[in-house]
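Residues per chain, in single letters:
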Amino acid sequence: MINDTPRVRFAPSPTGYLHVGGLRTALYNYLFAKKNNGSFILRIEDTDRARYVEGAVENLLTTMKWVGLDYNEGPDKPGEFGPYMQSERLDIYREHINNLLDARKAYYCFCTPERLTQLKEEQQKQKLPQAKYDKHCLSLSKAEIENKLKNNESHVIRLNVPPTETISFDDIIRGKVEFSTNVVDDQILIKSDGYPTYHMANVVDDHLMKITHVIRGEEWLSSTPKHVLLYKFLEWELPQFAHLPLLLNADKSKLSKRQGDVAVEDYKSKGYLKDALNNFVALLGWNAGDDQEFYYMDELIEKFSLERVNKSGAVFNLEKLNWLNGEHLKKLSNDVILELFKNELASSELKNTNYSDDTLLLIIDQMKERVATVKEFISEAPYLYSRPNSYDEVFSSKVWKDNSAALLTDLIEIINESEIIDKDDYETCLKATAEKNSVGIGKLMGPFRLALSGVGHGPGVYDIANIIGKDEVVERIRVVIKTLSL
RNA sequence: GGCCCCAUCGUCUAACGGUUAGGACCUCGCCCUUUCACGGCGGUAAUAGGGGUUCGAAUCCCCUUGGGGUCACCA
């Protein structure tokens, strides 16, 4: 066997951001490594120069750190098997491609894009089941090749796939998978710009980096026979494969940008907690076999196993993420939430206002029970920070009666005469007003809430009053009387 | 279209031949509460279809259907 301790890797291409599907793949790799005392390696697959994105790698590293997926080796964490950027390993691929070339397991191809397009069109016209390269350049003589190379003719190097062989491999998640080589194309291994394609680079690197388990998304399953062939040609031992089920849009297609946020940083900026995100994503395709849904990272590590990963795709369900984030939020101490809250305030339109920690803590106590994210402390209860600029019509028509203005006028007077120390004092005032007018306190409650928040839901009225303070309470009552008595 | 993968409530899932098919999110109802929530209790809701195998099938096999992935000098 290859291993005593497993070595796994997460190998994203730097497209600009970390995709949540990528996060799930990275997480499973991480959990598997930690669980089995193995190593988790981060390797950057940046062999596509056309798709080079400025700052993408830095961004990726930052996001990996934010979600807490520490790697043992990576671009900024040198290890024994570096470099960990594929663009810095070109000479390594060159060496191995030469071996392949010598053994005629790979060959130069000088076909022009035009010929290739034409070939494809013809094959489609003939209704061939599958378009494949016709091995045209395989018959080139050594001299012809030398000559073309000397003349600097543009070329690629292709994998020489043998006909009519069965490629099979065992997938930890899917079991035995088989392909006929008749359906695998002579894959380009080295592009005309001299860079390797994914297929070449990932096989070489996985071998050289002593990767024991290749844990990646299911979209790679159908190109795995090419990889298996490469291992065979290079006479290298096969790693174990585990192809993870895909993360899906609501319509069950592969999770994509078009249908919502897919970048981890989007979720970060929307106020989701890293623990909640990890927890949620971990459960998309895996469960421990019990009813536990709330996890911290250490518990995930303890319970994770590839054997319990599902085969079928999972819809990325925002509602459940919201719930989980709320659960994680509630478990946080108010001190921690206070810091998060202050950060949110600083990046909101409220950044120029000043609130005491005491006030903020009052808001936290009220809001953390009823929101999904800290951001919603603000968005769901704007009336805690500023006077309502309108009154909800449905709620208003329900609670605003003919005598409401008169009752509230009395209430103002009583509040003004009272010493207000905490929220219970507002209740006392409402009761006194109700008694004085011989009505139930319910007659006051609705109009009072309407005055303070303008809407029919939110924290308890006394809590709202307590948060905004006596002067503001009185002022808001005045405003609602003035506005609705017209 | 070829190839490959997949198939339990709307969604995430449990069940590894014998359960009234369980849990969670969502949703609905009731209780609590002279407000809003929280909380508590309860409800609606699933084995895609058809054949086998078996005393017994969500579970094993086959077919059909459906969905997805992949067929680039992108990963």
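The structure we're discussing is the one just above.
Everything quoted here is computed from the prediction, not taken from an experiment. (Residues numbered from 1 in each chain as written. Chains lettered and ligands numbered in written order. Predicted model: local features only at pLDDT ≥ 70, side-chain atom pairs only at ≥ 80, totals over all residues. Heavy atoms only, no water.)

Residues in close proximity to RNA strand B total 60 residues, the closest being Lys-191, Ser-192, Asn-287, Gly-458 and Val-461. The sugar and phosphate moieties of RNA strand B supply 75% of its atoms located within 4 Å of the protein. Within the contact set of RNA strand B, a sugar or linking oxygen lies 3.3 Å away from a side-chain nitrogen or oxygen of Glu-45. For the surface near RNA strand B, the elements supplying multiple residues, two or more each, are strand 6 (175–180), strand 11 (314–315), helix 11 (318–331) and helix 18 (442–453). Each residue belonging to the surface near RNA strand B can be placed in one class, and the counts come to 21 nonpolar, 19 polar and 20 charged. (Near = heavy atom within 4 Å. Polar contact = N/O pair within 3.5 Å; in protein donor to acceptor, adjacent residues only side chain to side chain. Helix = DSSP H or I, 4+ residues; strand = E, 2+ residues; numbered from the N terminus. Nonpolar A, V, L, I, M, F, W, Y, C, P; charged D, E, K, R; others polar.)

The subject of this paragraph is helix 3 (residues 90–102). Taking 1.5 Å as the rise per residue, helix 3 with 13 residues should run 18 Å; its terminal C-alpha atoms sit 18 Å apart, in good agreement. Within helix 3, the full set of buried residues consists of Ile-92, Tyr-93, His-96, Ile-97, Leu-100 and Leu-101. If you follow the buried residues of helix 3, they end up packed against strand 3 (106–109), strand 4 (156–159), strand 7 (188–190), helix 6 (198–208) and helix 7 (224–233). Directly beyond the C-terminal end of helix 3, a positive phi value near 60° is found at Arg-104. (Expected span 1.5 Å × (residues − 1). Buried < 20%, exposed > 50% of the residue type's maximum accessible area, 1.4 Å probe, protein only. Contact = heavy atoms within 4.5 Å.)

An α-helical segment advances 3.6 residues per turn. Residues three or four places apart therefore align on the same side. Where burial is concerned, most of helix 9 (residues 274–282) is hidden: seven out of the nine residues are buried. Turning to helix 9, its buried residues are Ala-276, Leu-277, Asn-278, Asn-279, Phe-280, Val-281 and Ala-282. Against the buried residues of helix 9 lie helix 1 (20–35), helix 2 (56–67), helix 8 (264–269), helix 10 (297–303) and helix 11.

Here we come to the sheet that holds strand 4. Taken together, three strands build an open sheet; the order of strands is 3-4-7 and the sheet is antiparallel. Here the strands that pair on one side only, and so sit at the sheet edges, are strand 3 and strand 7. Strand-to-strand twist of the sheet, defined as the mean angle between neighbouring strand axes without regard to direction, takes the value 45°. Summarising the sheet, strand 4 and strand 7 pair through two bridges and their orientation is antiparallel. If you follow Arg-158 over to strand 7, its bridge partner there is Ile-188. (Pairing = 2+ DSSP bridges. Axes fitted to C-alpha atoms, helices over the stretch in contact; angles between N-to-C directions.)

Counted under the stated rule, the structure contains 14 aromatic pairs. Both rings, one in Tyr-30 and one in Phe-40, keep their centres 5.8 Å apart while their planes meet at 80°; by these two values the pair is edge-to-face. On the criterion of sequence distance, the pair formed by Tyr-30 in helix 1 and Phe-40 in strand 2 (residues 39–42) is long-range, its members being 10 residues apart. Assessed through its relative accessible area of 0%, Phe-40 is described here as buried. A network of ring pairs unites the aromatic residues Tyr-28, Trp-286, Tyr-295 and Phe-304 as a single cluster. In this arrangement the basic side chain of Lys-148 is found over the ring face of Phe-110, its NZ or CZ atom lying 5.6 Å from the centre. (Phe/Tyr/Trp six-rings, centres within 6.5 Å; stacked < 30°, edge-to-face > 60°. Lys NZ or Arg CZ within 6 Å of the ring centre and 35° of its normal.)

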